[in-house]
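Okay, here's what each chain looks like letter by letter:
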Amino acid sequence: MSEESKKLQTVRGMRDILPEEHEYFTLVKKAVRHRCRQAGFKRITTPTLEYADVFERGVGDATDIVEKEMYTFESRSAKRMSMKPEGTAGIVRAYIEHGMSSWSQPVQFYYIEPHFRYDRPQKGRYRQFHQFGFEVIGARDFSIDAQIINLSYKILKDLGIVDRFELQVNTIGTPECRKSYEDALQNYFFGKERSLCEDCQRRAEKNPLRILDCKQEDCQILASMAPKFDDYLDDESREYYQNVLAFLTELGVPYVENKKLVRGLDYYSDTVFEFWDKTQGAQNAIGGGGRYDGLCELLGGQATPAVGVAFGVERVIAHMQEVNVEPPKKDKVHVYVACLGDFAKKKAVKILSDLHDAGIHALGAMGKASMRSQLKNADKFDVDWTIILGEIEVKENIAIIRNMERGAQETISLDDVVENIISKIDKKEIDRYEVGE
Ligand code: HAM
């Protein structure tokens, strides 16, 4: 057995999400679901494992994600598989596979899923992380690009963190004008490769656009003197982009234009955008997206325009914690049921079950501990009320209800316990669940 497996710890870069963090996850999921439903989006989940091809073709085999960060391996039947590093390529694969072009267009999806990237773990950067995102497939209209950004903006606002970010927007044009720009960049960087960082030396040939947003100083200096995309942008792309900006202004979404923004995935065309932390810039962007009109065709479908965005849930939560957003304490336990003896325990279990049905969070009726240590335990669970069922109480068909804060106790008939507790709990705290609600 290897040292790592003996210690039985999480894999590097992968984290347990403990209950306290889950309260934030729940809040984020609810905000996303609520806003997405308002805008007519439906939820989709694609598998964690896809054939590697989906991402190699979709995200692009010259991108950092595919070159360095994908968990790719051979299955037992020697098929190359990857754990999804992002959501968009899998969703477009699903769009094609399920013939969604015959559904009413555009098809609008949202998702909240774990994703996997073999990145160097650090704060805000994990190997298993979660994204929420939305995709609109089957329509090309600048109003949709602006609406997607507006939806993102509203969710950040709902979560109390919108002021921490600056929306950066750019256009990378149609594939045709981008191609002539890429040719111009290749010519420009030809012969200058030795002044570029190792990554950009590779990019110079395969993906020169990415050199523009490299963080290395030497690459930045060279990039600042490179041909400008503005000179290659065709009129249609320029007009489309200006319309996106005008619609953002109409919607009251503040933005800054950033001519260097190109995004790290190959499938984009026209609009690209990222939400940057005002204090950290491009490092740890909280979310980003753009238009990807060529992806469907690239994955074997018909040409189908689309646009989307995704956010890192862990990063969103870290920002919420920094500004002290308090998620509601939905996991609070209201009642502990303490009992002595088997007969009392039977009664206690029935009371617990009835309390649960009444929407009251309650636990107890376990073990053989003394009444004293059961009360101590009740204290640790920080309950408001403890129901005490000793052997004598049960014989007399009564129970003691103890107010844990004041220490005051009252005795009531066993038949009235559940009703009595219901009357004591704040109506806002009652957690009734109806199937189909
Ligand atoms: P992305 O920019 O690669 O875009 O990722 C979106 C967000 O996921 C990032 O802004 C970041 O918050 C989060 N994220 C990425 N990698 C990590 C990591 N290793 N640890 C923690 N968080 C991370 C996409 O994935 C595109 N699919 C977005 C999109 C949707 N474009 C069109 N539709």
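Computed from a predicted model, the values in this text were never measured in an experiment. (Residues numbered from 1 in each chain as written. Predicted model: local features only at pLDDT ≥ 70, side-chain atom pairs only at ≥ 80, totals over all residues. Heavy atoms only, no water.)

## What about the domain arrangement of the protein?
Partitioning the protein into structural domains gives domain 1 (19-174 + 234-322) and domain 2 (335-429). One C-alpha centre belongs to domain 1, the other to domain 2; they are set 49 Å apart. (Domains from an automatic or database assignment.)

## Some thoughts on the pairing of strand S12 (residues 335-339)
By the criterion of burial, S12 is predominantly enclosed, with 5 of the 5 residues buried. Side-chain alternation along S12 places Val 335, Val 337 and Cys 339 on one buried face and Tyr 336 and Ala 338 on a second face that is also buried. Here S12 pairs with strand S13 (residues 362-364) via 3 bridges, running parallel. Among the inter-strand pairings, Val 337 is bridged to a residue of S13, identified as Gly 364. For the handedness criterion, the β-α-β arrangement of S12, helix H13 (residues 342-357) and S13 is classed as right-handed. Strand direction decides the pairing type here: S12 and strand S14 (residues 385-389), joined by 5 bridges, are parallel. Bridging from a neighbouring strand, Val 335 pairs with Trp 385 of S14. (Buried < 20%, exposed > 50% of the residue type's maximum accessible area, 1.4 Å probe, protein only. Helix = DSSP H or I, 4+ residues; strand = E, 2+ residues; numbered from the N terminus. Pairing = 2+ DSSP bridges. Right-handed = clockwise from strand over helix to strand, strands pointing away.)

## Quick notes on the site of the ligand
Close contacts around the ligand come from 27 residues, with Glu 86, Tyr 126, Glu 135, Tyr 268 and Ile 286 the closest. Within the side chain of Arg 117, a nitrogen or oxygen atom sits 2.9 Å from an oxygen atom of the ligand. In this structure, a nitrogen atom belonging to the ligand sits 2.6 Å away from a side-chain N or O atom of Tyr 268. Its free accessible area being 660 Å², the ligand has 95% of it covered by the protein chains. Broken down by secondary-structure element, the contributors of at least two residues to the shell around the ligand are strand S6 (128-137), strand S10 (287-291) and strand S11 (306-312). (Near = heavy atom within 4 Å. Polar contact = N/O pair within 3.5 Å; in protein donor to acceptor, adjacent residues only side chain to side chain. Areas by Shrake-Rupley, 256 points an atom, 1.4 Å probe, with all protein chains shown as cover.)

## Looking at the state of the cysteines
Covalent bonding between the sulfur atoms of two cysteines defines a disulfide. All chains considered together, the criterion is met by 0 disulfides. Its sulfur unpaired, Cys 200 is 3.6 Å from the next cysteine sulfur, which belongs to Cys 214. With a relative accessible area of 0%, Cys 200 lands in the buried category. Classification of Cys 214 as buried rests on a relative accessible area of 7%. (Disulfide = S-S within 2.5 Å.)

## Observations regarding the nonpolar core
Counting 51 residues, the largest nonpolar core has Phe 189 and Leu 196 as its most contacted members. Not counting residues up to four positions away in its chain, the partners in contact with Leu 196 are Phe 189, Gln 201, Ala 204, Ile 211, Cys 219 and Leu 222. Counting 44 residues, the second largest nonpolar core, distinct from the first, contains Ile 148, Ile 149, Tyr 153 and Tyr 240. (Core = buried A, V, L, I, M, F, W, Y, C linked by side-chain atoms within 4.5 Å. Contact = heavy atoms within 4.5 Å.)

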